[in-house]
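Here are the chains, one letter per residue:
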Amino acid sequence: MKPDLFEAPDYYNIDDLLSEEHKLVRDAARQWVKRDVSPIIEEYAQKAEFPKQIISGLAEIGAFGPYIPEEYGGAGLDQISYGLIMQEIERGDSGVRSTASVQSSLVMYPIYTYGTEEQRKKYLPKLASGEFMGSFGLTEPNHGSNPSGMETKYKDMGDHYLLNGAKLWISNSPFCDIAVVWAKNEDGRIHGLIVERGMEGFSTPETHNKWSLRASATGELIFDNVKIPKENLLPNKSGLGAPLGCLDSARYGIAWGAIGAAMDCYDTALRYAKERIQFGKPIGAYQLQQKKLAEMITEITKAQLLVLRLGQLKNQGKATTAQISMAKRNNVDMALTIAREARQVLGAMGITGEYSIMRHMMNLESVITYEGTHDIHLLITGMDITGLNAFK
Amino acid sequence: MKILVCISNVPDTTSKINFTEGDTKFDTNGVQFVINPNDEFGLTRAMWFKEKQGATVHVANVGGTATEPTIRKALAIGADEAIRVNAEPIDGFYVAQQLAEVVKNGGYDLVIAGRESLDYNGGMVPGMIATLLDMNFVNTCTGLEVDGDTVTATREIDGGKEKISTSLPLVIGGQKGLVQESDLRIPNMRGIMMARKKALTVIEPIAVTAATTDVSFDKPAAKGAVKLIDADNIDELINLLHNEAKAI
């Protein structure tokens, strides 16, 4: 792969709206991605393997639970810092960002928000340091956009719970040490349970032959009469709102992350367009290529402003699910469109592993589907503005 | 051992350089600033002394509030305390006098400054500090070991290296070789969090005058068009070099 020459675009001087600490956190993540992710990621994506050696680096730059308070091993940063870290990691690869998103928003967030003090102290510091890796089980083979129809269930056996069912499309599952699993009790109410690797009847087969997120491990969580200690139930919230609260946090991170992938594609295409000579001049001198590049930087700039405002709202505890949906949907679609256009700018070179564009494009096909599909997010916005439910 | 690392706040090497106010001032608009690379090699070596020999490491910068992100990064990398002399760094002699005052008041054993800053490339500050304070001085320093008060330093000379034995207190003009590029550190989250609580003391400059004033800056002339001469047509090449370029 070519050396990583990335220069981040900032067309509207948005850096001026960030704090000194935001920039320090962002630049540290940016430097780390350049040093530790860019040189190896293409090789791992090509061989469809998660680069486990970067876990400690992810922990060091604060990618695991940056907004979790310091007393639980987090960094106590704000939501804009969290977003900037996700942006920089996804600039490297959406699969690596997925690993960090799951760990932060889908594992640490529910344990911190819905868990007991004992659960927080037991799990959060180890998750923050990367000693433990986590996964999140909500989606099932027959229940994707409609998680409330889940079939995974548990029974109260007096001194423990008995968990049965299966979850699919689970990032980090093949190597996770713990899984936050959503299942129905005997009354049909959804609760969160912490399942630990090694519990009898718990297995995590890997999903192979993906064309997307190839540098991230995806798999199943299978529960065959797994005995769960009662203290592993997350007691402080139940119902579908509990997992959806986690998704709000993760979708927020994705809205930032997608900008990273878009920036990398734009930066690559811009550099290539200025260097590639056809008909005696750089292809960047032709109107058709300039249109592509000008539209890319316009969309990136709009997306940056969207997430910055969303981050301010989230810092104030005011960001709504529907606002987060809008940003996730818009920014991932923006990134995917830019990846496809950037690929065109590079011509045939764009399809090779010499450049990151095709990898970003394939990754974003997952990102536009997971954490609420592109279509479902429209229905969330639609319901929010009309007050009418079009889901069913 | 008490170490002071002098940190210059310079534009990143990928910055586009422009001037304003009739080409008399550097245009900072859109420019990202970093720790001067020669200083960063020194800072990283200082961290080694801190971790292996229990040294205390302070950093100092002469600059306005805009330089604080760069100073904070040095704290996040691991420096214990920072001092900012609240003044624009007018020229090398002005900066050296300010830093000499910091060194004098702080009682430092070792002062590490980059051999030159990447912006104006003066290369004068470390030598001037040593002169002002009558301290030992090693310039273009590429290796540094300290044992008690005894110092073994390596410096780059034309075509080779020179090994020097000297003693503290010492000023060095450092560069790559003190550590390698692969040794440079990215601030980790723990470091960034700790940097929040570390002291960044702002002091007012001492009353000294600068020796020089910038009159104007000129950028290098833009690259001209290239004329390609066929390899078989040597006569034409010589003709152009002689009559047009007047190079031969």
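Quick caveat: nothing in here was measured; it's all calculated off a predicted structure.

**Re the overall build of chain A**
Phase 1 of the analysis: Counting its regular elements, chain A contains 10 helices and 10 strands.
Phase 2 of the analysis: Its C-alpha atoms give chain A a radius of gyration of 21 Å, near enough to 21 Å, the size a compact globule of 392 residues would have.
Phase 3 of the analysis: Dimensions of chain A, computed from C-alpha atoms along their principal axes, come out at roughly 80 × 45 × 40 Å.
Phase 4 of the analysis: Out of the 392 residues in chain A, the part that is buried amounts to 56%.
Phase 5 of the analysis: Here the contacts in chain A between residues at least 6 apart in sequence split such that 75% fall between residues at least 24 apart.
Phase 6 of the analysis: For chain A, the exposed surface amounts to about 16100 Å²; the carbon and sulfur share of it is 51%.
Phase 7 of the analysis: Between the centroid of the 42 positive side chains of chain A and the centroid of its 48 negative side chains there is a distance of 4 Å.

**Side note on the domain arrangement of chain A**
Residue and element names in this part refer to chain A.
Phase 1 of the analysis: Domain parsing of chain A yields domain 1 (14–129), domain 2 (134–234) and domain 3 (241–386).
Phase 2 of the analysis: Using only C-alpha atoms to locate each centre, domain 1 and domain 3 end up separated by 19 Å.
Phase 3 of the analysis: Taken together, the contact pairs 29 residues of domain 1 with 35 residues of domain 3.
Phase 4 of the analysis: Between domain 1 and domain 3, a total of about 2400 Å² is buried, with carbon and sulfur atoms accounting for 61% of that surface.
Phase 5 of the analysis: Its largest share of buried area at the contact with domain 3, domain 1 owes to Ile14, Gln79 and Gln87, together 22% of the area lost on that side.
Phase 6 of the analysis: Linking domain 1 to domain 3 there are three salt bridges.
Phase 7 of the analysis: The salt bridge involving Asp264 is made with Arg91; its shortest N-O contact spans 3.0 Å.
Phase 8 of the analysis: In this assembly, domain 1 and domain 3 are joined by 14 residue pairs in polar contact (both at pLDDT 80 or more).
Phase 9 of the analysis: Listed by contribution, the elements that provide at least two residues to the side of domain 1 that touches domain 3 are helix H1 (20–46), helix H3 (79–92) and helix H4 (94–114).
Phase 10 of the analysis: Considering every element that reaches the side of domain 1 that touches domain 3, the biggest residue donor is H3, with 10 residues.
Phase 11 of the analysis: Partitioning the side of domain 1 that touches domain 3 into residue classes produces 14 nonpolar, nine polar and six charged.

**What to know about the packing of H3 of chain A against helix H9 (residues 357–367) of chain A**
Residues and elements named next belong to chain A.
Phase 1 of the analysis: Orientation of H3 relative to H9, taken along the N-to-C sense of each, is 125°, at an axis distance of 10 Å. For the element pair H3 / H9, the angle class is oblique. Here H3 contributes Glu90, Arg91 and Gly92 to the contact with H9, which in turn contributes Arg359, His360, Leu364 and Val367.

**Concerning unusual backbone geometry**
Glycine aside, a negative phi is what most residues show, and trans is what most peptide bonds show.
Phase 1 of the analysis: Leu168 of chain B connects to Pro169 of chain B through a cis peptide bond whose omega is -5°.
Phase 2 of the analysis: Secondary-structure assignment places Pro169 of chain B in the loop between strand S11 (160–167) and strand S12 (170–174).
Phase 3 of the analysis: A positive phi angle, near 50°, is found at Asn13 of chain A, a position not held by glycine.
Phase 4 of the analysis: According to the relative accessible area criterion, Asn13 of chain A is partly exposed, its value standing at 32%.
Phase 5 of the analysis: You will see that Glu371 of chain A, though not glycine, has its phi angle at about 60°, which is positive.
Phase 6 of the analysis: On the secondary structure map, Glu371 of chain A appears in the loop between H9 and helix H10 (374–386).
Phase 7 of the analysis: Accessibility expressed as a relative area gives 15% for Glu371 of chain A, which makes it buried.

**Considering the interface of chain B and chain A**
Phase 1 of the analysis: In this assembly, 19 residues from chain B lie in contact with 21 residues from chain A.
Phase 2 of the analysis: Counting each side, the surface lost to burial between chain B and chain A is near 1600 Å², with a carbon and sulfur contribution of 53%.
Phase 3 of the analysis: On the chain B side of the contact with chain A, Ile186, Met189 and Arg196 of chain B bury the most area, a combined 38% of that side's loss.
Phase 4 of the analysis: Where chain B touches chain A, the interface holds four salt bridges.
Phase 5 of the analysis: Across the pair Arg196 of chain B and Glu70 of chain A runs a salt bridge, and its minimum N-O distance is 3.2 Å.

**Quick look at a nonpolar patch on the surface**
Residues and elements named next belong to chain B.
Phase 1 of the analysis: Together, Ile234, Leu237, Ile238, Leu241 and Ile248 make up a nonpolar patch on the protein surface, roughly 420 Å² of accessible area in all.
Phase 2 of the analysis: You can see Leu237 is positioned in helix H6 (residues 234–244).
Phase 3 of the analysis: The exposure class assigned to Leu237 is partly exposed, which follows from its relative accessible area of 36%.

**Re the nonpolar core**
Phase 1 of the analysis: In this structure, Ile111 and Trp182 of chain A together with Leu43 and Leu144 of chain B are the most contacted members of the largest nonpolar core, which totals 140 residues.
Phase 2 of the analysis: A per-element tally of this core places helix H6 (residues 241–275) of chain A first, with 18 residues.
Phase 3 of the analysis: Counting residues in hydrophobic clusters, the runner-up holds 21 residues, among them Val62, Ala87, Tyr94 and Val103 of chain B.

**Describing the packing of aromatic side chains**
Residues and elements named next belong to chain B.
Phase 1 of the analysis: Per the counting criterion, the structure on display carries 16 aromatic pairs over all chains.
Phase 2 of the analysis: Taken together, a centroid distance of 6.1 Å and an interplanar angle of 40° make the contact between Tyr120 and Phe217 tilted. Taken together, the residues span a long stretch of sequence, with Tyr120 in the loop between strand S8 (110–114) and helix H4 (125–133) and Phe217 in the loop between strand S13 (200–203) and H6 at a distance of 97 residues.
Phase 3 of the analysis: On the accessibility criterion, Phe217 (16% relative accessible area) is buried.

**Examining the side chain of Thr166 of chain B**
Residues and elements named next belong to chain B.
Phase 1 of the analysis: Relative to the elements of secondary structure, Thr166 occurs in strand S11.
Phase 2 of the analysis: Using a relative accessible area of 17% as the deciding quantity, one classes Thr166 as buried.
Phase 3 of the analysis: When residues no more than four places from it in sequence are discounted, the contact partners of Thr166 are Asn136, Val138, Asp149, Thr150 and Val151.

**With respect to the confidence of the model for chain B**
Phase 1 of the analysis: In the predicted model, chain B carries a mean pLDDT of 94, and 100% of its residues have values of at least 70.
Phase 2 of the analysis: Predicted complex, confidence summary: ipTM 0.85, pTM 0.91.

**Describing the pairing of strand S1 (residues 2–6) of chain B**
Residues and elements named next belong to chain B.
Phase 1 of the analysis: Of all five residues in S1, four are buried; the element is thus mostly enclosed.
Phase 2 of the analysis: Here S1 runs beside strand S6 (residues 56–62); their pairing, made up of five bridges, is parallel. Along S6, the bridge assignment pairs Lys2 with Thr56.
Phase 3 of the analysis: Two strands pair when backbone bridges link them, and S1 and S8 are joined in this way by four bridges, in the parallel orientation. Looking across to S8, one finds that Cys6 is bridged to Ala113.

Conventions and cut-offs
Residues numbered from 1 in each chain as written. Chains lettered and ligands numbered in written order. Predicted model: local features only at pLDDT ≥ 70, side-chain atom pairs only at ≥ 80, totals over all residues. Heavy atoms only, no water. Helix = DSSP H or I, 4+ residues; strand = E, 2+ residues; numbered from the N terminus. Rg over C-alpha atoms; globule rule 2.2 N^0.38 Å. Buried < 20%, exposed > 50% of the residue type's maximum accessible area, 1.4 Å probe, protein only. Contact = heavy atoms within 4.5 Å. Areas by Shrake-Rupley, 256 points an atom, 1.4 Å probe, with all protein chains shown as cover. Lys, Arg positive; Asp, Glu negative; His and termini not counted. Charge placed at Lys NZ, Arg CZ, Asp CG, Glu CD. Domains from an automatic or database assignment. Buried area = accessible area lost by both parts, 1.4 Å probe. Salt bridge = Lys/Arg side-chain N within 4 Å of Asp/Glu carboxyl O. Polar contact = N/O pair within 3.5 Å; in protein donor to acceptor, adjacent residues only side chain to side chain. Nonpolar A, V, L, I, M, F, W, Y, C, P; charged D, E, K, R; others polar. Axes fitted to C-alpha atoms, helices over the stretch in contact; angles between N-to-C directions. Parallel < 35°, antiparallel > 145°, perpendicular 65-115°, else oblique. Patch = residues over 30% accessible without salt bridge, like charges linked within 9 Å, V, L, I, M, F, W, Y side chains within 5 Å. Core = buried A, V, L, I, M, F, W, Y, C linked by side-chain atoms within 4.5 Å. Phe/Tyr/Trp six-rings, centres within 6.5 Å; stacked < 30°, edge-to-face > 60°. pLDDT = per-residue confidence, 0-100. Pairing = 2+ DSSP bridges.

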